[in-house]
Amino acid sequence: MNLYECEVRFFVDNPQTFTDKLKQLGAKLKLHYEFYDHYFAPFDFNTVPKLWWHPRNCSMRLREWQSPASRPEICFTHVVCVDKGDTHFKRSLYQQGKIVLFQGEYAECERLLSDIGFERWFIVMKRDCTLWELQQYDMSVACEYIHGLGWMAELEAEGEDIVQAEKKLKNSLNLFEVSKDKLIWKPLSVVFAEQHGFLQ
């Protein structure tokens, strides 16, 4: 079944308070993790943008895992931003979300990206990250420190159709008392690139 996977982000003022809230809601800690995402774009992207490459929707990255230990991997994502009136959220066009294209040594991954026409763009470093599962609400929550942006949370909900997914997402926002004007529905790479001048 091709589920609708919906995601939104928001900034977290105090990660300890947010973690305490997760525990209060009965969330179970699934994973501690840390990785660096090296984003790549087509050659000459900044001077001659390619019509087929839409950085606000597509991303190509070389993920360098710090913890847990894992081989570097090349990941591709293609998302759309869904506007449902008073709610916006991000949805992957692929059921599994990120598509892992290749795993190997870092230099080999970098060489492969160069061979298919991609060059380095910027890096997003995630540290002190935790992934939580709220089974009773059928959703997952990540709390991450993004170098250059700060602490952020990501809520993810799935549904058999867009109506069900939207309902779950709205319910989760109510749990954390997040107002809609605080939500970030753009991909993290776009938020980072705009903040640091990599994308106009």
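Residues numbered from 1 in each chain as written. Predicted model: local features only at pLDDT ≥ 70, side-chain atom pairs only at ≥ 80, totals over all residues. Heavy atoms only, no water.

Concerning the overall build of the chain
The condition is simple: Counting from the N terminus, the helices are DSSP H or I runs at least four residues long and the strands are E runs at least two residues long. For every residue, the accessible area obtained with a 1.4 Å probe (protein chains only) is divided by the maximum for its type, and the residue is called buried under 20%, exposed over 50%, and partly exposed between those limits. Note on definitions: a residue-residue contact is assigned when non-hydrogen atoms from the two residues lie within 4.5 Å. Using a 1.4 Å probe, accessible areas were evaluated by the Shrake-Rupley method; residue-level cover was limited to the displayed protein chains.
Along the backbone of the chain there are four helices and nine strands. Starting at the N terminus and ending at the C terminus, the chain contains elements arranged as β-α-β-β-β-β-β-α-β-β-β-α-α. The principal-axis extents of the C-alpha atoms in the chain amount to approximately 50 × 35 × 35 Å. Taking all 200 residues of the chain together, the buried fraction comes to 46%. Restricting the contact set of the chain to residue pairs at least 6 apart, pairs at least 24 apart contribute 68%. About 10,600 Å² of surface is accessible on the chain, with carbon and sulfur atoms providing 50% of the total.

Quick word on helix H4 (residues 188-195)
When you tally the buried positions in H4, you get six out of eight residues, the bulk of the element. Listing the buried residues of H4 in full gives Leu-188, Ser-189, Val-190, Val-191, Phe-192 and Ala-193. Positive backbone phi, at 80°, marks Gly-197, one or two positions downstream of H4.

So, helix H1 (residues 15-24)
Our working rule: What the arc measures is the spread of directions leading from the helix axis to the C-beta atoms. Identification of polar contacts relies on pairs of N or O atoms within 3.5 Å, with a donor-acceptor requirement for protein atoms, meaning one able to donate a hydrogen and the other able to accept it, and with residues adjacent in sequence counted only if both atoms are side-chain atoms.
Every buried residue of H1 is listed here: Phe-18, Thr-19 and Leu-22. Taken end-on, H1 shows its buried residues confined to a sector of 100°, consistent with a single buried face. Of the exposed residues in H1, the ones pointing more than 90 degrees away from its buried face are Lys-23 and Gln-24. Between the side-chain oxygen at the start of H1 and the backbone nitrogen of Gln-16 there is a gap of 3.0 Å, and the oxygen is on Asn-14. Gly-26 occupies a position one or two residues after H1 and carries a positive phi of about 90°.

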